[in-house]
Amino acid sequence: MKLLVVEDDKRIRKMILAMVGDIADKSFECENGSQAFAIYAEHLPDWVLMDLMMPELDGISATREIISSFPNAKIIIVTNIKSDAMQQTASNAGASGYVLKENLADIRRIITNQDG
């Protein structure tokens with residue numbers, strides 16, 4: 001399985017990879033939504049773990065961009081924003097899941113339940 005982690009904070013990227021890296025054969029990282037589409041198109045990862053609040057292009061816009069060209073892409077929003085409205089916006093953009101950074105173990109649960 002290939003993972004793409006899109007997160008502007010390098011420490012958070014490393015924490016996410018520490019949590020789920022062992023279930024990935026290969027992982028890719030970038031720090032903003034502007035880079036996410038190009039990396040997705042080049043590597044076609046099985047899952048994208050996407051932050052919401054990033055410079056240049058936010059996670060919702062980046063999710064829409066990826067889904068518009070790759071409708072089967074599986075994207076999990078990983079954020080500190082606990083909001084039903086934002087969760088619905090993410091779902092409407094095409095996200096497959098919504099995980100709070102305080103519950104990173106949920107990423108593993110979503111991936112293994114949908115892939116296993």
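Just so you know, these numbers come straight off a predicted model, no measurement behind them.

This paragraph deals with the nonpolar core. In terms of nonpolar packing, the biggest core is built from 24 residues, with Leu4, Val6, Val48, Met50, Ile66, Ile75 and Ile77 touching the most fellow members. Listed by contribution, the elements that provide at least two residues to this core are β1 (2-6), β2 (26-30), α2 (33-43), β3 (47-50), α3 (59-69), β4 (75-79), α4 (84-93) and β5 (97-100). The element that contributes the greatest number of residues to this core is α3, accounting for four residues. The residues touching Ile75, leaving out its near neighbours within four places in the chain, are Trp47, Val48, Met50, Thr63, Ile66, Ile67, Ala95, Ser96 and Gly97.

A few words now on the pairing of β1. Where burial is concerned, most of β1 is hidden: four out of the five residues are buried. In this sheet, β2 lies alongside β1 in parallel orientation, the contact comprising five bridges. Bridging across to β2, Leu4 finds its partner in Phe28. In this fold, β1 hands off to helix α1 (residues 10-20), which returns the chain to β2; that crossover is right-handed. By the bridge criterion, four bridges tie β1 to β3 in an arrangement that is parallel. Opposite Leu4, over in β3, you have Val48 as the bridge partner.

Before going further, it helps to spend a moment on the packing of aromatic side chains. Throughout the structure, instances matching the rule amount to two aromatic pairs. Where Phe37 meets Phe70, the ring centres are 5.9 Å apart and the plane angle is 45°; that geometry is what we call tilted. Linking Phe37 in helix α2 with Phe70 in the loop between α3 and β4, this pair joins segments that are 33 residues apart in sequence. Given the relative accessible area of 25%, Phe37 is considered partly exposed. A relative accessible area of 23% places Phe70 in the partly exposed class.

Rules of the game
Residues numbered from 1 in each chain as written. Predicted model: local features only at pLDDT ≥ 70, side-chain atom pairs only at ≥ 80, totals over all residues. Heavy atoms only, no water. Core = buried A, V, L, I, M, F, W, Y, C linked by side-chain atoms within 4.5 Å. Buried < 20%, exposed > 50% of the residue type's maximum accessible area, 1.4 Å probe, protein only. Helix = DSSP H or I, 4+ residues; strand = E, 2+ residues; numbered from the N terminus. Contact = heavy atoms within 4.5 Å. Pairing = 2+ DSSP bridges. Right-handed = clockwise from strand over helix to strand, strands pointing away. Phe/Tyr/Trp six-rings, centres within 6.5 Å; stacked < 30°, edge-to-face > 60°.

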